[in-house]
Amino acid sequence: MEATVLSVDQLGILLVEPSAMQRKVICELLKQQGIHTVEAVANAREALNRMRSFVPDLIITSLYLPDADAHELFAIMQKNPSFQGVAKMVVSSEQKRENLEAVRQAGVLALLPKPFDRKDLERALGLTIEYLSHEEIELDLYDATTLRVLVVDDSRMARNHLGRVLQQIGIENIDFAEDGQEGIQCLEAAAYDLVVTDYNMPVMDGEAMINHIRQSADYSHIPIMMVTSEDESRLAGVRQAGVSAICDKPFEVGQVRQLLASLLDD
């Protein structure tokens, strides 16, 4: 895969912010970062209407909008193939972890505090560039294009997001499962080089699936990376079960690249 690395000034951004004053402030901050193409609207309905003629590289939205929450806007976007590759960022003063869970699961690249400063925005735009750029992972022991990866997550948006990230770094053979039980069925039917899984899932959660994998003579050797928004205090059992690496949601593409290189070349 030929590497394609974007620059910040190439980004097209759609800002969704109910406050006219906040729209003006954020647009000015974006321009200071070298962004030339910024469209701004006040609510989810206007955002969806605007995207009919302008599909942005990145959507930056407040968590709470007059007509929808951010995760509801993202769910509508996910139903349209033209919008599925749009990078997502949320701006919010929300402090309660449980109120941010839905957007974490939706595959946001960054959660920006409100108000945020230039450094917060600069870092978030850097994460966006990583996400949108195509740069194959460099491995000593594998060819990325021949790797077979199983992604297990009950959230369709999270599965799509993880799949896109893996494709961006050159991994082409990706299967998906909605819970741990379905993941085990996939493992019984095919050979995989890597499992990427969520923690909280119905039927069989990530910890139970990891325990099953590690107790199996057939696929106990497969490296497992967990991508989760769970608090660290709840992950002791997962570590004991034998997970190979844990990555937070929202995650940085560069971090995923480094973890995968470490796991697969170990």
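Scroll up for the structure.
Keep in mind it's a predicted model, so treat the numbers as computed, not measured.

Asks: Hey, could you run me through the packing of aromatic side chains in this one?
Replies: Working definition: an aromatic ring pair is given by the centre-to-centre distance plus the angle between the planes. Scanning the entire structure with this criterion turns up 0 aromatic pairs. Over the ring of Phe-74 we find Lys-88; its NZ or CZ atom is 5.7 Å from the centre of that ring.

Asks: Sorry if this is basic, but what is going on with the sheet that holds strand E6 (residues 148-152) here?
Replies: Strand pairing in a sheet relies on backbone hydrogen bonds, with the paired strands running either antiparallel or parallel. Taken together, the 5 strands give an open sheet; going across it, the order is E7-E6-E8-E9-E10, and neighbouring strands pair in parallel fashion. At either margin of the open sheet sits one strand with a lone partner, and together these are strand E7 (173-177) and strand E10 (245-248). Ignoring strand direction, the axes of neighbouring strands in this sheet form an average angle of 20 degrees. Here strand E9 (residues 224-228) pairs with E10 via 4 bridges, running parallel. Considered in E10, the bridge of Thr-228 is made with Asp-248. Along the sheet, helix H6 (residues 156-168) makes contact with E6, E7, strand E8 (194-197) and E9, crossing E7 at roughly 165 degrees. Sitting on the sheet, helix H10 (residues 253-264) is in contact with E8, E9 and E10, with an inclination near 175 degrees to E10.

Asks: Could you clarify how one ought to interpret a negative patch on the surface in this entry?
Replies: Together, Glu-130, Glu-135, Glu-138 and Asp-140 give the surface a local cluster of negative charge. Among the secondary structure elements, Glu-138 is positioned in the loop between helix H5 (118-132) and E6.

Rules of the game
Residues numbered from 1 in each chain as written. Predicted model: local features only at pLDDT ≥ 70, side-chain atom pairs only at ≥ 80, totals over all residues. Heavy atoms only, no water. Phe/Tyr/Trp six-rings, centres within 6.5 Å; stacked < 30°, edge-to-face > 60°. Lys NZ or Arg CZ within 6 Å of the ring centre and 35° of its normal. Pairing = 2+ DSSP bridges. Helix = DSSP H or I, 4+ residues; strand = E, 2+ residues; numbered from the N terminus. Axes fitted to C-alpha atoms, helices over the stretch in contact; angles between N-to-C directions. Contact = heavy atoms within 4.5 Å. Patch = residues over 30% accessible without salt bridge, like charges linked within 9 Å, V, L, I, M, F, W, Y side chains within 5 Å. Areas by Shrake-Rupley, 256 points an atom, 1.4 Å probe, with all protein chains shown as cover. Salt bridge = Lys/Arg side-chain N within 4 Å of Asp/Glu carboxyl O. Lys, Arg positive; Asp, Glu negative; His and termini not counted. Charge placed at Lys NZ, Arg CZ, Asp CG, Glu CD.

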